[in-house]
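Take a look at the letters that make up each chain.
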Amino acid sequence: MRGAILYGPYDVRFEERDEPTIIEPTDAIVSIAATCVCGSDLWPYRGINPVAEPTPMGHEYCGIVEAVGSAVRTIKPGQFVIGSFFASDNTCPNCQDGYQSSCQRREFVGGAQAPLLRVPLADGTLVTTPEVPSDDLLPSLLTLSDVMGTGWFAASAANVERGATVAVVGDGAVGLLGVLAARQMGAERIIVMSRHESRQRLAREFGATDIVTERGEEGVARIKDLTDGIGADSVLECVGTQESMMQAIHSTRPGGSVGFVGVPHGVELSGEGLFSTQVRLHGGPAPVRRFLPELIDLVCDGKINPGKVFDLTLPLDQVPEGYRAMDERRAIKSLLWP
Ligand SMILES: [Zn+2]
């Protein structure tokens, strides 16, 4: 089969590689119905995270189960499934607590930008839809594999409650879906920090009530202006830089919460600085598996449409253009059809 392989900075190729096979008896092989490029794929693509060897890319997936190993009990060939970028057994203490991304047996699921994918710990990792979905639902179901689940976790970790005032730092796909999540959780006011008109429009469609274009301390000052000088109850940090993290912490009211899901790159926090803010910090790799059943229902019932975040759709063999468009910020997120 042919799939996406990253060779080095700005060098992703669509080329022949081995088809995945069942290695462990708990594995499944999934025939990919739709996949996409993640914002986090851009870190190695830009050379910020170096790649040691040619690496199969992609970790967002949904599709039909092709085959299962001999120890797989609940997942069956022919079912439509969605899973997270971390495989999890869904039975260990961390999984039971809802932190499947810290599963004691977790494994990264990679190589999804291809027609076939090996998913370890299939019974714990994969969640089925009630029936094989129609094509128009695929983009939204695909987002549940990572980007929507991560936006949802940002809102959950930031303790968004009904009637809350929420600020979102970052207008990438995760930030925009964090807006959708906050709206769904009943936030009354949702302030998005964004400078891009097309992203502002989508943010409003997803439920944003206010837009702040300033950044850094100026952005913080604007959020304070909008919240009677206090700050937001819940702030979603969806970027992962020093500036975005400080912007998030300083935009939060004392007693409020920051949910941070942007993978930190060079972020350093001072103990003294944190001490005086009196904010709660919670984040990390999203336990997407925890949210999958609920989010699948919301999509299948037509209550949320997170697939709108894809503004570029390409056949899988044009995957290099999917990366380029996101790197150059011509696209928010690229959907790929195998
Ligand atoms: Zn586990």
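Residues numbered from 1 in each chain as written. Predicted model: local features only at pLDDT ≥ 70, side-chain atom pairs only at ≥ 80, totals over all residues.

## A look at the nonpolar core
- Counting 107 residues, the largest nonpolar core has Ala28, Val166, Val168, Leu177 and Val179 as its most contacted members.
- If one sorts the elements of this core by residue count, helix α6 (residues 173-184) sits on top with eight residues. (Core = buried A, V, L, I, M, F, W, Y, C linked by C-beta atoms within 7 Å. Buried ≥ 20, exposed ≤ 12 C-beta atoms within 10 Å, placed from the backbone. Helix = DSSP H or I, 4+ residues; strand = E, 2+ residues; numbered from the N terminus.)

## A closer look at the pairing of strand β5 (residues 61-68)
- Bridge count between strand β3 (residues 28-36) and β5: seven bridges; the pairing is antiparallel. Residue pairing across strands places Ile29 opposite Ala67, the latter belonging to β5.
- The pairing of β5 with strand β6 (residues 80-82) spans three bridges and is antiparallel. Looking across to β6, one finds that Gly63 is bridged to Val81. (Pairing = 2+ DSSP bridges.)

## Examining the environment of Ser134
- In this structure, Ser134 sits in the loop between β10 (127-128) and α4 (138-143).
- Given 7 C-beta atoms within 10 Å, Ser134 falls into the exposed group.

## Looking at the domain arrangement of the protein
- Domains assigned within the protein are domain 1 (2-146 + 287-337) and domain 2 (150-283).
- Distance from the C-alpha centre of domain 1 to the C-alpha centre of domain 2: 26 Å.
- Contact residues are listed per partner, giving 15 residues for domain 1 and 15 residues for domain 2.
- Here the side of domain 1 that touches domain 2 takes three residues from helix α11 (residues 288-300), the largest share from any one element.
- Residues belonging to the side of domain 1 that touches domain 2 are distributed by class as follows: nine nonpolar, three polar and three charged. (Domains from an automatic or database assignment. Contact = placed C-beta atoms within 7 Å. Nonpolar A, V, L, I, M, F, W, Y, C, P; charged D, E, K, R; others polar.)

## As for the sheet that holds strand β13 (residues 210-212)
- Spatially, the six strands line up as an open sheet ordered β13-β12-β11-β14-β15-β16, and their pairing is parallel. Because the sheet does not close on itself, it has two edges, and the strands there are β13 and β16 (280-283). Strand after strand, the sheet turns through a mean of 20 degrees between neighbouring axes, direction not considered.
- Note that strand β12 (residues 189-193) and β13 share three bridges and pair parallel. In the strand pairing of β13, Ile191 is matched with Asp210.
- Each of β14 (232-237), β15 (252-260) and β16 touches helix α5 (residues 147-157); the most contacted strand, β15, lies at about 155 degrees to it.
- Each of β11 (165-169), β14 and β15 is contacted by helix α9 (residues 242-250), which is oriented at about 145 degrees to β15, the strand it contacts most. (Axes fitted to C-alpha atoms, helices over the stretch in contact; angles between N-to-C directions.)

## Some thoughts on the environment of Ile64
- Residue position: Ile64 is located in strand β5.
- Ile64 sits 74 residues away from Leu138 along the chain, and the two C-alpha atoms are 12 Å apart.
- Ignoring anything within four residues of it in the chain, the contact list for Ile64 reads Val30, Ser31, Ala33, Gly78 and Phe80.

## As for the pairing of β16
- Strand direction decides the pairing type here: β15 and β16, joined by four bridges, are parallel. By the bridge assignment for β16, Gly259 is matched with His282.
- Taken together, β15, helix α10 (residues 271-277) and β16 form a β-α-β motif whose crossover is right-handed. (Right-handed = clockwise from strand over helix to strand, strands pointing away.)

## Overview of α5
- Taking burial as the measure, the eleven residues of α5 include eleven buried ones, the bulk of the element.
- If you check which residues of α5 are buried, you get Val147, Met148, Gly149, Thr150, Gly151, Trp152, Phe153, Ala154, Ala155, Ser156 and Ala157.
- The elements touched by buried residues of α5 are α4, α6, β14, β15, β16 and α11.
- One or two positions beyond α5, positive phi appears at Asn159, with a value near 60 degrees.

## Here's the deal with the sheet that holds strand β1 (residues 2-8)
- Sheet architecture is open: three strands sit in the order β2-β1-β4, paired in antiparallel fashion. Sheet topology places β2 (11-16) and β4 (55-56) at the edges, where each strand pairs with a single neighbour.
- Sheet topology places β1 next to β4; two bridges connect them, and they run antiparallel. For Leu6, the partnering residue across the bridge sits in β4 and is Thr55.

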